[in-house]
Amino acid sequence: MPFREINSKMVEATVVPGQRMFSQRGAMLAYRGDVTFTPNIAGGQGGLMSMIGRRVAGEATPLMTVEGNGTVMFGHGGHHIEVIALTGDTLYVEADRLLAFDGTLEQGTMFMGAQGGVMGMVRGQVTGQGLFTTTLKGHGSVAVMAHGGVIRLPITPDRPVHVDPQAYVAHHGDVRNKLSTALGWRDMVGRGSGEAFQLELSGSGAVYVQASEEKL
């Protein structure tokens, strides 16, 4: 169920009987045909423990289950939309940045500290972004939101990529993440985020970075 990009801020998806997709609440702009939108507070296929939209531990934002026969146009807040096609791999994406995705994708969550150690926890507390990152795995399409456009940066074994945590949108591939401080603890007092923290991504894959650090 691939998305068709109408412009940089709108995408269109075809909904067919027997298949479903999920979208963020409020993402539907218009639709044609016989299409239904049902709240899904369990986050789709993953059940209670893999709630899509979980920004911090214990908090969840309901998704909408989209079914029927027709076409739906999606967009949200005038944000830039990037369509990412998955061919069996896993996409790691901030839950707040998910616009819509195929219902065939296997959904889950990953605690950032699992890969980044104790410092991984700081990412959610200091930058204001989630401790949990959503995972989508399989074959299908994902539409993500960002501020000011998105650039895809390749990650290779000999060239890791350092990203401002608030500019991070998503990544895929065989990639390890580690949050580190670019300044001493004394220098970080009162700064909150920005260049004081860096998310280091190493391995083989790609990371999607937005042009603005503004939060969604």
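Along each chain, residues carry numbers from 1 onward, in the same order as the chain's sequence is written. Local features in a predicted model are, by the rule used here, given only for residues with pLDDT of at least 70; side-chain atom pairs are given and counted only at 80 or more, and totals for whole chains, interfaces and linings are based on all residues. In computing side-chain properties, one takes all heavy atoms of the structure into account and sets aside hydrogens as well as water.

With respect to the overall build of the protein chain
Helix and strand assignments follow DSSP, with helices taken as H or I runs no shorter than four residues and strands as E runs no shorter than two, numbered in order from the N terminus. Along the backbone of the protein chain there are three helices and 13 strands. Each of the 216 residues in the protein chain was classed as buried or not, and the buried ones make up 50%. Each residue gets one of three labels from its accessible area relative to the maximum for its type: buried under 20%, exposed over 50%, partly exposed in between, using a 1.4 Å probe on protein chains only.

A short note on the nonpolar core
Within this scheme, the nonpolar core is defined by two criteria: the residues are buried Ala, Val, Leu, Ile, Met, Phe, Trp, Tyr or Cys, and they are joined through side-chain atoms within 4.5 Å. Judged by nonpolar contacts, the single largest core of 16 residues is most densely connected at Leu 86, Leu 91, Leu 98, Phe 101, Leu 136, Val 142 and Val 144. Elements that contribute at least two residues to this core include exactly strand S6 (80–93), strand S7 (98–102), strand S9 (132–146) and strand S12 (168–181). Counting residues in each nonpolar core, the second largest holds 15 residues, with Phe 3, Ala 13, Val 15 and Val 66 among its members.

Some thoughts on the pattern of salt bridges
When a carboxyl oxygen of Asp or Glu lies within 4 Å of a side-chain nitrogen of Lys or Arg, that pair is called a salt bridge. A complete count under the given rule lists two salt bridges for this structure. Across the pair Arg 4 and Glu 12 runs a salt bridge whose closest N-O atoms are separated by 3.1 Å. By relative accessible area, which is 49% here, Arg 4 ends up partly exposed. A salt bridge links Arg 32 to Glu 12; the shortest N-O distance between them is 2.8 Å. Highlighted residues: Arg 32 in strand S4 (residues 28–40) and Glu 12 in strand S2 (residues 10–15), separated in sequence by 20 residues. By relative accessible area, Arg 32 is classed as partly exposed at 47%.

Topic: the packing of aromatic side chains
Two rings from Phe, Tyr or Trp (for Trp, the six-membered ring) form a pair when their centres are within 6.5 Å of each other. A pair whose planes differ by under 30 degrees is stacked, one over 60 is edge-to-face, and the rest are tilted. Taken as a whole and judged by the stated rule, the model has two aromatic pairs. Each ring, one from Phe 22 and one from Phe 101, has its centre 5.6 Å from the other, and the planes form 40°; the classification is tilted. A residue pair is termed long-range when its members are at least 10 positions apart, and Phe 22 in strand S3 (residues 20–24) and Phe 101 in strand S7 qualify at 79 residues. By relative accessible area, which is 0% here, Phe 22 ends up buried.

Structural notes on the confidence of the model for the protein chain
The predicted model of the protein chain has a mean per-residue pLDDT of 79, with 70% of residues at 70 or higher. Confidence of the predictor at the level of single residues is captured by pLDDT, which takes values from 0 to 100. At the level of individual helices and strands, the protein chain shows its lowest average pLDDT in helix H2 (residues 118–127), which scores 43, and its highest in S2, which scores 96. Across residues 44–59, confidence stays below pLDDT 50; counting only partners more than four residues off in sequence or on other chains, it has 47 contacts. Here, two residues are considered to be in contact whenever any of their heavy atoms come within 4.5 Å of each other. Contacts of residues 114–130 to residues separated by more than four positions or lying in other chains number 49 contacts, the stretch itself having pLDDT below 50.

Examining the environment of Val 144
Tracing the backbone through its elements, the reader meets Val 144 in strand S9. Separated by 48 residues in sequence, Val 144 and Asp 96 place their C-alpha atoms 8.9 Å apart.

Topic: the environment of Arg 97
In this structure, Arg 97 sits in the loop between S6 and S7. Accessibility expressed as a relative area gives 3% for Arg 97, which makes it buried. Along the backbone, Arg 97 and Val 144 are 47 residues apart, and their C-alpha atoms lie at a distance of 5.3 Å. A polar contact of 3.4 Å, which involves the side chain of Arg 97, links it to the backbone oxygen of Gln 166. Throughout this description, a polar contact denotes any pair of N or O atoms lying within 3.5 Å of each other; where both atoms belong to protein, one of them has to be capable of donating a hydrogen while the other can accept it, and for residues adjacent in sequence the pair is counted only when both atoms sit in side chains.

Observations regarding the environment of Val 169
For Val 169, the location among the structural elements is in strand S12. Taking the C-alpha atoms as reference, Val 169 lies 7.6 Å from Val 207; in sequence the two are 38 residues apart. For Val 169, the residues in contact, after removing those within four places along its chain, are Tyr 92, Val 93, Glu 94, Arg 97, Val 144, Met 145, Ala 146, Tyr 208, Val 209 and Gln 210.

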